Amino acid sequence: MKTDVEELSPTRVRLTIEVPFDELKPNVDRAYREVARQVRVPGFRPGRVPPRVIDQRIGRGAVLEQAVNDAVPELYGKALEEHDVFAIGQPEVEITRLDDGKDLAFTAEVDVRPKFDLPDIDGMPVTVENAEVTPDQVEEYIGALRERFASLKGTDRPAAEGDFVSIDLSAEVDGKPVEDAQANGVSYEVGSGQMLDGLDEALTGMSAEESKTFPALLAGGKLAGHLAQVTVTVNSVKVKELPELDDDFAQSASEFDTLGELRAGTRAQLERMQRAGQAGQARERALDALLDRVDIPLPEHLVDREIASRRQSLDDRLERSGNTMDEYLEAVGSTAEQLDEQFAQDARRSVKAGFVLDKLAAAEELGVTQEELAGYVTEQAYRMGVAPDRLAKELSERGQLAAAAADVLRSKALTLIAERASITDESGQKIDLKADEEAAGEVLAEADVEALEETDLEDLEDTDVEASDEADGASEPEAGGGDEGSGEDPQPAS
């Protein structure tokens, strides 16, 4: 076999492979056996049809096509290994010559991992936000807690903003009742703006057993968008009463015995949450700082796939929520062009981060244990709202455990970057990242420690990933993906 590699760009190569026909004999023999099993020829048992009969009945061209399809992936893999090429994704294969009895020649164009050097990450300066908890934040949290324990009491006075009313609604368009715009006994908070435009204004000042009619555009149903005359009748008015801020409230709303202990406990909890946020922010900003120091040519095919993946993910979310793209753009205050630009920017950062993290993991000889993989699966299952053992089984059946392990590996590399950086907050105080990560662990433990204990490791036992120079980058940690490599079977271009 004769091979040659041509560099088309820093991220793409073309391999030219020529093979004497004698080397294809095992593939041709297998092709004849496979065709013999598939065809039915009178006088011959299945699988016993001689090659000369197959040539007469089917044609040798069909056999050669199958033989080439069988041989190309193996020949391509050998060429990659011979020239130390680390391919990303599927190649574009073109058969340039197939001379029966003489030789086979084909080319394969494929993206490759770019070459770059990592800068020194020790002492890299990174600044994060302060984690100070103010008295106002404590009171805001306790105020929200009081809202949760509030009660509703009936009142004879007219409704005002913040009151809760029980109402009946009906609507007419051109004097005719709208069947799908009738409702009785609806509970509604005055001033919330959660229903029809004009409803809050109509309800303000109304008392029980009073009715009022006002114009409004229907928001749903067959006549959505039509101007209707809406009649609202108030059945009852209730006011929200907050519990007294005292020791009794502390005991009923928390595990604390006194209001002072509740305030102290709230401050401690908010501090843990702030420090957990600092840990995550440190990781992201440390990665940004490192990416700014590295110039990497990116495979455009890989970037395009990442953009398509992000767009598909958004489309799926909008479909599940029943929203349109126009509604989404309005909600986020963006245009279609700005969204495309953001997709492209995020995709390029993601691909670049994958390459950097993979290279660092390989350089530091990082690996993934079964316990770390189980913890990752448990965390993902918690986010998705499914049982950890079920997710582990699904990942195993879909062959995605290696991709999950690659995500864990990148996460470890990301942690290593942050740990070696010099992290300070905005006030200049040095941050103890390990202490912040412990605080983050405490926050997470409150939510999923039981799930972790129940994770079934059976489906994870055959997966063990260690960093190597063959790791390829495609997406950031915790974003999924990263399963491209040189082990995929190429198929000849038609």
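No experiment lies behind these values; they were computed from the predicted model shown.

Talk me through the overall build of the protein; I want residue IDs and the actual numbers.
When helices and strands are tallied, the protein shows 14 helices and 12 strands. Residues counted as buried form 38% of the 494 residues belonging to the protein. Taking contacts inside the protein between residues at least 6 apart in sequence as the whole, the part at least 24 apart equals 72%.

Any chance you could break down the sheet that holds strand β1 (residues 2-9) for me, citing the residues and the numbers?
If you trace the 4 strands from one edge of the open sheet to the other, you get β1-β2-β4-β3, paired in antiparallel fashion. Two strands in the sheet have a free side with no partner beyond their single neighbour: β1 and β3 (87-99). On average, adjacent strands in this sheet sit at an angle of 20 degrees to one another, irrespective of strand direction. As paired elements, β3 and strand β4 (residues 103-112) share 9 bridges and run antiparallel to each other. Residue pairing in the sheet places glutamate 92 in a bridge with glutamate 109 of β4. Docked against the sheet, helix α3 (residues 60-82) engages β1, β2 (12-20), β3 and β4, running at close to 125 degrees with respect to β3.

Report on the pattern of salt bridges, specifying residues and quantitative values.
When charged atoms on two side chains of opposite charge get close, those side chains can pair. For the structure shown, the criterion picks out 27 salt bridges. Put simply, aspartate 70 and arginine 30 hold a salt bridge, and the shortest N to O gap is 2.8 Å. Residue aspartate 70 is located in helix α3, and its partner arginine 30 is located in helix α1 (residues 25-38); the two are separated by 40 residues in the primary sequence. You can call aspartate 70 partly exposed: its relative accessible area is 33%. Residue arginine 30 is classed as partly exposed on the basis of its relative accessible area of 36%. Via salt bridges that share partners, Glu6, Arg12, Arg14, Glu92, Glu109 and Asp111 belong to a single interconnected network.

Requested: an account of helix α10 (residues 336-363), with residues and values cited.
For α10, spanning 28 residues, the distance from its first C-alpha to its last is 41 Å, which sits close to the expected 40 Å at 1.5 Å a residue. In the segment just after α10, glutamate 365 is the residue with positive phi, at about 55 degrees.

Describe a negative patch on the surface, naming the residues involved and giving the relevant values.
On the surface, a cluster of negative charge is contributed by Asp247, Asp248, Asp257 and Glu261. Looking at the secondary structure, you find glutamate 261 in helix α7 (residues 259-292).

I'd like a rundown of unusual backbone geometry, residues and numbers included.
The phi torsion at aspartate 174 lies on the positive side, around 55 degrees, for a residue other than glycine. Tracing the backbone shows aspartate 174 in the loop between β7 (164-173) and β8 (176-177). With phi around 55 degrees, glutamate 365 is a residue other than glycine that occupies positive phi space. The class of glutamate 365 is exposed, set by a relative accessible area of 70%.

Can you tell me about the packing of aromatic side chains, naming the residues and giving the values?
A full pass over the atoms with the stated rule returns 1 aromatic pair. For the ring pair phenylalanine 149 and phenylalanine 249, a centre distance of 6.2 Å and an interplane angle of 90 degrees mean the geometry is edge-to-face. Taken together, the residues phenylalanine 149 in the loop between α4 (135-148) and β6 (151-154) and phenylalanine 249 in helix α6 (residues 247-253) connect sequence positions 100 residues apart.

Hey, could you go over the packing of helix α11 (residues 370-384) against helix α13 (residues 401-420) for me, with residue numbers and the actual values?
Look at α11 against α13: their axes get within 10 Å of each other, and the N-to-C directions meet at 100 degrees. Regarding the angle of α11 to α13, the classification is roughly perpendicular. Two secondary-structure elements touch here, α11 through Glu372, Leu373 and Tyr376 and α13 through Leu401, Ala404, Ala405, Asp407, Val408 and Lys412. Per-class residue counts for the contact of α11 with α13 are 6 nonpolar, no polar and 3 charged.

Please set out the environment of proline 46 residue by residue, giving values where relevant.
Topologically, proline 46 is positioned in the loop between α1 and α2 (51-57). Residue classification places proline 46 among the exposed residues on the basis of a relative accessible area of 52%. Distance in space between the C-alpha atoms of proline 46 and arginine 33 is 9.9 Å, their sequence separation being 13 residues. Sequence-distant contacts of proline 46, defined by excluding residues within four places in its chain, comprise Ala36 and Arg40.

Quick one: what's the story with the nonpolar core, residue by residue and with numbers?
Membership of the largest hydrophobic core comes to 49 residues, with the highest contact counts inside it found for Leu287, Leu290, Phe355, Val356, Ile417 and Ile423. Residue assignment for this core shows that the elements contributing at least two residues are β5 (125-128), α7, α8 (300-321), α10, α11, α12 (388-397) and α13. In terms of residue count, α13 provides more of this core than any other element does, 10 residues in total. Setting aside residues up to four positions removed in sequence, isoleucine 417 forms contacts with Ile121, Met124, Ala286, Leu287, Leu290, Leu357 and Leu360. Counting residues in hydrophobic clusters, the runner-up holds 34 residues, among them Leu24, Tyr32, Leu75 and Phe106.

Let's hear about the side chain of serine 207: which residues, and what values?
In this fold, serine 207 is placed in the loop between α5 (199-203) and β10 (211-217). Exposure remark for serine 207: the relative accessible area of 15% places this residue in the buried category. When neighbours within four sequence positions are excluded, serine 207 is seen to be in contact with Asp156, Arg157, Pro158 and Val234.

Talk me through α8; I want residue IDs and the actual numbers.
Counted at 1.5 Å a residue, the expected span for α8 with its 22 residues is 32 Å, and the 32 Å between its end C-alpha atoms agrees. Listed in full, the buried residues belonging to α8 are Leu302, Val303, Glu306, Leu314 and Leu318. Here the buried residues of α8 occupy an arc of 155 degrees about the axis, which is enough to place them on one side. With respect to the buried face of α8, the exposed residues turned more than 90 degrees away are Glu319 and Arg320. Contacts from the buried residues of α8 go to β3, β4, α9 (325-332) and α10. One or two steps after α8, the chain reaches glycine 322, where phi turns positive at roughly 80 degrees.

Let's hear about the environment of threonine 369: which residues, and what values?
Relative to the elements of secondary structure, threonine 369 occurs in the loop between α10 and α11. For threonine 369, a relative accessible area of 38% gives the class partly exposed.

Explain the side chain of asparagine 27 residue by residue, including any values.
When you line up the elements, asparagine 27 lands in helix α1. Polar contacts involving the side chain of asparagine 27 include one to the side chain of aspartate 70, which spans 2.8 Å. In this structure, asparagine 27 is in contact with Ala67, Asp70 and Ala71, ignoring residues within four places of it in sequence.

Definitions and cut-offs
Residues numbered from 1 in each chain as written. Predicted model: local features only at pLDDT ≥ 70, side-chain atom pairs only at ≥ 80, totals over all residues. Heavy atoms only, no water. Helix = DSSP H or I, 4+ residues; strand = E, 2+ residues; numbered from the N terminus. Buried < 20%, exposed > 50% of the residue type's maximum accessible area, 1.4 Å probe, protein only. Contact = heavy atoms within 4.5 Å. Pairing = 2+ DSSP bridges. Axes fitted to C-alpha atoms, helices over the stretch in contact; angles between N-to-C directions. Salt bridge = Lys/Arg side-chain N within 4 Å of Asp/Glu carboxyl O. Expected span 1.5 Å × (residues − 1). Patch = residues over 30% accessible without salt bridge, like charges linked within 9 Å, V, L, I, M, F, W, Y side chains within 5 Å. Areas by Shrake-Rupley, 256 points an atom, 1.4 Å probe, with all protein chains shown as cover. Lys, Arg positive; Asp, Glu negative; His and termini not counted. Charge placed at Lys NZ, Arg CZ, Asp CG, Glu CD. Phe/Tyr/Trp six-rings, centres within 6.5 Å; stacked < 30°, edge-to-face > 60°. Parallel < 35°, antiparallel > 145°, perpendicular 65-115°, else oblique. Nonpolar A, V, L, I, M, F, W, Y, C, P; charged D, E, K, R; others polar. Core = buried A, V, L, I, M, F, W, Y, C linked by side-chain atoms within 4.5 Å. Arc of directions from axis to C-beta. Polar contact = N/O pair within 3.5 Å; in protein donor to acceptor, adjacent residues only side chain to side chain.

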